[in-house]
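Chain residues, written in single-letter form:
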Amino acid sequence: MISAQLIKKTLQSVCCCSALCLSAYASAAEHIAPPSLSSIENSDIKRLLPNDEVKPILAGDTEFLSLYSEYMSRDFRGIVLLIPDWNSPPTSNAGMSYLRKELTNLGYTTYAMTVPDIDWQASKMAAQAAAQSSTQSSTQAQNEDPTKTAQSNSDGAVTTAQEPHFVNAIDLVSNEVLSNYKTNLIMRYEALYQNAMSEPNNIVVIAQGTSAGVLLEYYADFPDSRIDAFISLSSYLPNTQRNKGLAQTTSLVTPALLDIYYANDNTDILMSLKNRQRWVNRNAKFDYRQRQLFGLRDAPEQHARLTKVIDGFLRRLF
């Protein structure tokens, strides 16, 4: 009798525990995604910088921030558009923040823009779309002629088995992710360009890292937007094939090009410099210049030298 009562109490306690666990699981909070890097940067910029410097600009359905600084010398020499590297704010200490202020003392009005977030799922979405389209096409082919489809599949399997297998290095960034970033960046850049054209004068673009690489690809296609000079800081693309083609792309852009790099840049940049010069000689781009800077890129002396190199290049043009 006692054992029966103990068993009954044990069963009741087990049932109560399981009911509590189920209710806790049902009322668990849903996963909340962390805020994007661009939203954090925007909130910091709005909180820390003066309101008259922060200008929101609309690119399609997306609003982004730009930092406006008016020229502070006797003569107005032009407009400079500053585009930082991806995952970098326009207030970074890698040269952009210093140029944004110092170029105003040399007679330039500057616009520094925030860059879009990187969509690391772009390659996965592209693969899913490709798989769906291939499935639909194969289903349609089977409905039209099942015999031919089976024969082509068997021939393809035999060919695949006979072909040798090569292992290629995996790129740091897939082509789809890079193309997605390029599309979003160009949308923002065109909106910033149209906003800067309200003051028609000499227009200079200074871009950094991956942003410079995708903008060089953009200007190699001869867009309608006209600029007078393009200055790239450590331009490269974190994709093997795209970065290999960047050497030829550099020689095809229309505006005068100043290619600045640092002695401690990554290997992909340093190994492509000689090839860029070869393509420039082949395509006879006579307004191309390469300049090397030594030391750390965030040192005050480095910022001063960077400004001097840029100013000297622009004074030869206008």
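Residues numbered from 1 in each chain as written. Predicted model: local features only at pLDDT ≥ 70, side-chain atom pairs only at ≥ 80, totals over all residues. Heavy atoms only, no water.

## Side note on the side chain of threonine 110
Residue position: threonine 110 is located in strand E4 (residues 108-113). One polar contact links the side chain of threonine 110 to the main-chain carbonyl oxygen of arginine 100, over a distance of 3.0 Å. Aside from chain neighbours lying at most four places away, what touches threonine 110 is Leu67, Tyr68, Ser69, Val80, Leu82, Leu99, Arg100, Leu103 and Thr104. (Helix = DSSP H or I, 4+ residues; strand = E, 2+ residues; numbered from the N terminus. Polar contact = N/O pair within 3.5 Å; in protein donor to acceptor, adjacent residues only side chain to side chain. Contact = heavy atoms within 4.5 Å.)

## So, the sheet that holds strand E8 (residues 288-293)
Pairing is mixed across the open sheet formed by eight strands, whose spatial order is E1-E2-E4-E3-E5-E6-E7-E8. The open sheet terminates on both sides in strands that have one partner only, identified here as strand E1 (54-59) and E8. Across the sheet, the mean angle separating the axes of adjacent strands is 20° when strand polarity is ignored. As defined by bridge partners, strand E2 (residues 62-69) adjoins E4 across four bridges and the pair is classed as antiparallel. Counted as the bridge partner of serine 69 is threonine 110 from E4. (Pairing = 2+ DSSP bridges. Axes fitted to C-alpha atoms, helices over the stretch in contact; angles between N-to-C directions.)

## Notes on the pattern of salt bridges
The tally for this structure, following the rule as stated, stands at 12 salt bridges. A salt bridge links arginine 297 to aspartate 265; its shortest N-O distance comes to 2.3 Å. One end of the pair, arginine 297, is in the loop between E8 and helix H10 (300-315); the other, aspartate 265, is in the loop between strand E7 (256-262) and helix H9 (267-282), and 32 residues separate them in sequence. Owing to a relative accessible area of 24%, arginine 297 belongs among the partly exposed residues under this scheme. (Salt bridge = Lys/Arg side-chain N within 4 Å of Asp/Glu carboxyl O. Buried < 20%, exposed > 50% of the residue type's maximum accessible area, 1.4 Å probe, protein only.)

## Some remarks on unusual backbone geometry
One non-glycine residue, serine 234, adopts positive backbone phi at about 55°. Assignment of secondary structure puts serine 234 in the loop between strand E6 (229-233) and helix H8 (240-250). For serine 234, a relative accessible area of 4% puts it in the buried group. Residue alanine 284 is not a glycine yet carries a positive backbone phi of 55°. Here alanine 284 lies in the loop between H9 and E8.

## Let's talk about the pairing of E2
Taking burial as the measure, the eight residues of E2 include six buried ones, the bulk of the element. One ladder, built from six bridges, connects E1 with E2; its direction is antiparallel. Within E2, the residue paired with lysine 55 across the bridge is serine 66.

## Let's talk about the packing of helix H6 (residues 175-196) against helix H7 (residues 209-220)
Contact geometry for H6 and H7: axes closest at 10 Å, N-to-C directions at 75°. Judged by the angle between their axes, H6 and H7 are roughly perpendicular. Between H6 and H7, the residues in contact are Leu178, Tyr181, Lys182, Leu185, Ile186, Tyr189 and Glu190 and Thr210, Ser211, Val214, Leu215, Glu217, Tyr218 and Tyr219, respectively. When its residues are assigned to classes, the contact of H6 with H7 shows nine nonpolar, two polar and three charged. (Parallel < 35°, antiparallel > 145°, perpendicular 65-115°, else oblique. Nonpolar A, V, L, I, M, F, W, Y, C, P; charged D, E, K, R; others polar.)

## Considerations on the side chain of lysine 182
Mapped onto the fold, lysine 182 is located in helix H6. Among the polar contacts listed, one links the side chain of lysine 182 to the side chain of glutamate 217, at a separation of 3.3 Å. Excluding its chain neighbours within four sequence positions, the residues that come into contact with lysine 182 are Val214, Glu217, Tyr218 and Arg242.

## A word on the packing of aromatic side chains
All told, the structure shown has nine aromatic pairs when counted by the stated rule. Measuring from centroid to centroid gives 6.1 Å for tyrosine 189 and tyrosine 219, while their planes differ by 80°, and the two rings are edge-to-face. One end of the pair, tyrosine 189, is in helix H6; the other, tyrosine 219, is in helix H7, and 30 residues separate them in sequence. The pair formed by tyrosine 189 and tyrosine 219 is uniform in burial state, with each residue classed as buried. (Phe/Tyr/Trp six-rings, centres within 6.5 Å; stacked < 30°, edge-to-face > 60°.)

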